[in-house]
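The residues making up each chain are set out below.
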Amino acid sequence: MKKKVFFAAVFLVTMLFAVVGWAAVYYLSPSGSATPPYDTWEKAANNLNQILGLDLAGENTIYVAEGTYSGNDNYIALTAAKFANLSIIGRGEANQIVLSPGTNASCYIDNTSISNVTFENITIENNASYAVWVENGDNIKFIDCNIVGKEGHSNYLIRVRNSSSVILDHCICWTDSYNSKSMLVVLGSASLQINYSCCYSPNGSFTQYLYYSSTGNVNITNCIFAKSARQAISHKSGTGDLTISNSIILGSYWQYHNIPTIYRAVSYTHLRAHETSLHLVCRLLL
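Residues numbered from 1 in each chain as written. Predicted model: local features only at pLDDT ≥ 70, side-chain atom pairs only at ≥ 80, totals over all residues. Heavy atoms only, no water.

1. Here's the deal with the overall build of the chain
- Broken down by element type, the chain carries 3 helices and 25 strands.
- Considering the chain as a whole, with its 286 residues, one finds that 49% of them fall into the buried category.
- Of the contacts made within the chain by residues no fewer than 6 positions apart, 74% connect residues no fewer than 24 positions apart.
- Accessible area of the chain: about 13100 Å², with a carbon and sulfur share of 52%. (Helix = DSSP H or I, 4+ residues; strand = E, 2+ residues; numbered from the N terminus. Buried < 20%, exposed > 50% of the residue type's maximum accessible area, 1.4 Å probe, protein only. Contact = heavy atoms within 4.5 Å. Areas by Shrake-Rupley, 256 points an atom, 1.4 Å probe, with all protein chains shown as cover.)

Structure representation (structure tokens):
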């Protein structure tokens, strides 16, 4: 009887792994020995791509120790289906866990098969065009993260296009680069949700916080957008719902005091969608 129970248990466990895939845990640390498969802190990888280069399958979690991980070996390039169901989680203070490859996009996600990717408690910083670029992803989350554009940063801090359910939750997004255009740009059919987050520029260097031109929905809740050069939000040609709730939106600084805090284009054919889908329940500080 005991043998039957034992074999039945083995069979059930085997079937469970066959259904949900193997859940693996990896470690990233400056002091690790970089010994594959990087499954303990002692054997931890020294750069992120030592782990991303493995034959990942199923659900995978990467724990990251405090330290600054610079150079192209720490470029977060998720462009293959194997990166679905991946979590990268910092173990320590978020501002002490810094991924800083300085490449064209510090974090780049582009694959229709990639879903359920979570970044938690880390800092992603960039010295070039984009800090985060999400293309064709689904259910991509940034939780308790810092997303930073350094002095050499240009273009957009976060670019989301044709991606469903991209979420920023309890994040800080900022840049002091005078080359920056927009903090957030939402294009194509992308949807974006921002909760309890702060987007700011110490010197008001970027043109706007949000450039919205999508058929998907954008929801901003309990956020602070502080100090842009011109309009804080440019509602260009988006036909989805743009909803801003319980948030503080600061307008442009004194040189551009005559520019509206929220700009809605009227030269597009989707004016009625603008009028019916822009819901403001917030304080506007002009």
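2. Some remarks on the pairing of strand β8 (residues 115-120)
- One ladder, built from 3 bridges, connects strand β5 (residues 86-90) with β8; its direction is parallel. Bridge assignment links Ser-87 to a residue of β8, and that residue is Thr-118.
- Judged from the 5 bridges that link them, β8 and strand β11 (residues 138-143) form a sheet pairing that is parallel. In the strand pairing of β11, Ser-115 is matched with Asp-138. (Pairing = 2+ DSSP bridges.)

3. Brief notes about the packing of aromatic side chains
- Following the criterion strictly, the structure yields 7 aromatic pairs and no others.
- Between the aromatic rings of Tyr-130 and Trp-133, the centroid separation amounts to 4.7 Å while the plane-to-plane angle is 50°, which identifies the pairing as tilted.
- According to the relative accessible area criterion, Trp-133 is buried, its value standing at 18%.
- Taking the centre distance of 6.1 Å and the plane angle of 15° together, the rings of Trp-174 and Tyr-200 count as stacked. One end of the pair, Trp-174, is in strand β15 (residues 172-175); the other, Tyr-200, is in strand β18 (residues 198-200), with 26 residues separating them in the sequence.
- Members of the aromatic cluster, joined through ring pairs, are Tyr-108, Tyr-130, Trp-133 and Tyr-156.
- For Arg-91, the ring lying beneath its charged end belongs to Tyr-63, and the centroid distance is 4.8 Å. (Phe/Tyr/Trp six-rings, centres within 6.5 Å; stacked < 30°, edge-to-face > 60°. Lys NZ or Arg CZ within 6 Å of the ring centre and 35° of its normal.)

4. With respect to unusual backbone geometry
- In this model, Pro-36 is joined to Pro-37 through a cis peptide bond whose omega is 5°.
- Mapped onto the elements, Pro-37 comes out in the loop between β1 (24-28) and α2 (48-52).
- Positive phi is not limited to glycine here, since Ala-34 has a value of about 55°.
- Tracing the chain through its elements places Ala-34 in the loop between β1 and α2.
- With phi around 45°, Tyr-196 is a residue other than glycine that occupies positive phi space.
- With respect to the element layout, Tyr-196 can be found in the loop between β17 (192-195) and β18.
- For Tyr-196, a relative accessible area of 48% puts it in the partly exposed group.

5. Here's the deal with the side chain of Asn-195
- Mapped onto the secondary structure, Asn-195 falls in strand β17.
- The buried category is assigned to Asn-195, whose relative accessible area is 12%.
- Here Gln-193 takes part through its side chain, which lies 3.4 Å from a polar atom of the side chain of Asn-195.
- When residues no more than four places from it in sequence are discounted, the contact partners of Asn-195 are Ile-167, Leu-168, Asp-169, His-170, Thr-221 and Cys-223. (Polar contact = N/O pair within 3.5 Å; in protein donor to acceptor, adjacent residues only side chain to side chain.)

6. Side note on the nonpolar core
- Ile-62, Leu-78, Phe-119 and Phe-142 are the most contacted members of the largest nonpolar core, which totals 62 residues.
- Residues Tyr-130, Trp-133, Val-185 and Leu-187 belong to the second largest nonpolar core, which totals 7 residues. (Core = buried A, V, L, I, M, F, W, Y, C linked by side-chain atoms within 4.5 Å.)

7. Section: the pattern of salt bridges
- This structure, assessed with the given rule, holds 2 salt bridges.
- A salt bridge links Arg-159 to Glu-135, with the shortest nitrogen-to-oxygen separation between them at 2.9 Å. With Arg-159 in strand β13 (residues 154-161) and Glu-135 in strand β10 (residues 130-135), this pair connects stretches of sequence that are 24 residues apart. For the residue pair Arg-159 and Glu-135, the accessibility class agrees, reading buried in each case. (Salt bridge = Lys/Arg side-chain N within 4 Å of Asp/Glu carboxyl O.)

8. With respect to the state of the cysteines
- Scanning the model with the defined rule gives 0 disulfides in all.
- Considering cysteine sulfurs only, Cys-145 is the nearest to Cys-171, which forms no disulfide, with 5.0 Å between them.
- Judged by relative accessible area, which is 2%, Cys-171 ranks as buried. (Disulfide = S-S within 2.5 Å.)

9. Details of the pairing of strand β7 (residues 105-110)
- Within β7, 5 of the 6 residues are buried, which leaves it mostly tucked inside the rest of the structure.
- The pairing of strand β4 (residues 76-78) with β7 spans 3 bridges and is classified as parallel. Bridge pairing in β7 places Ile-76 opposite Cys-107.
- Alignment of β7 against β10, held across 5 bridges, turns out to be parallel. Bridge assignment links Asp-110 to a residue of β10, and that residue is Glu-135.

By themselves, these are just geometric observations and shouldn't be taken as functional.
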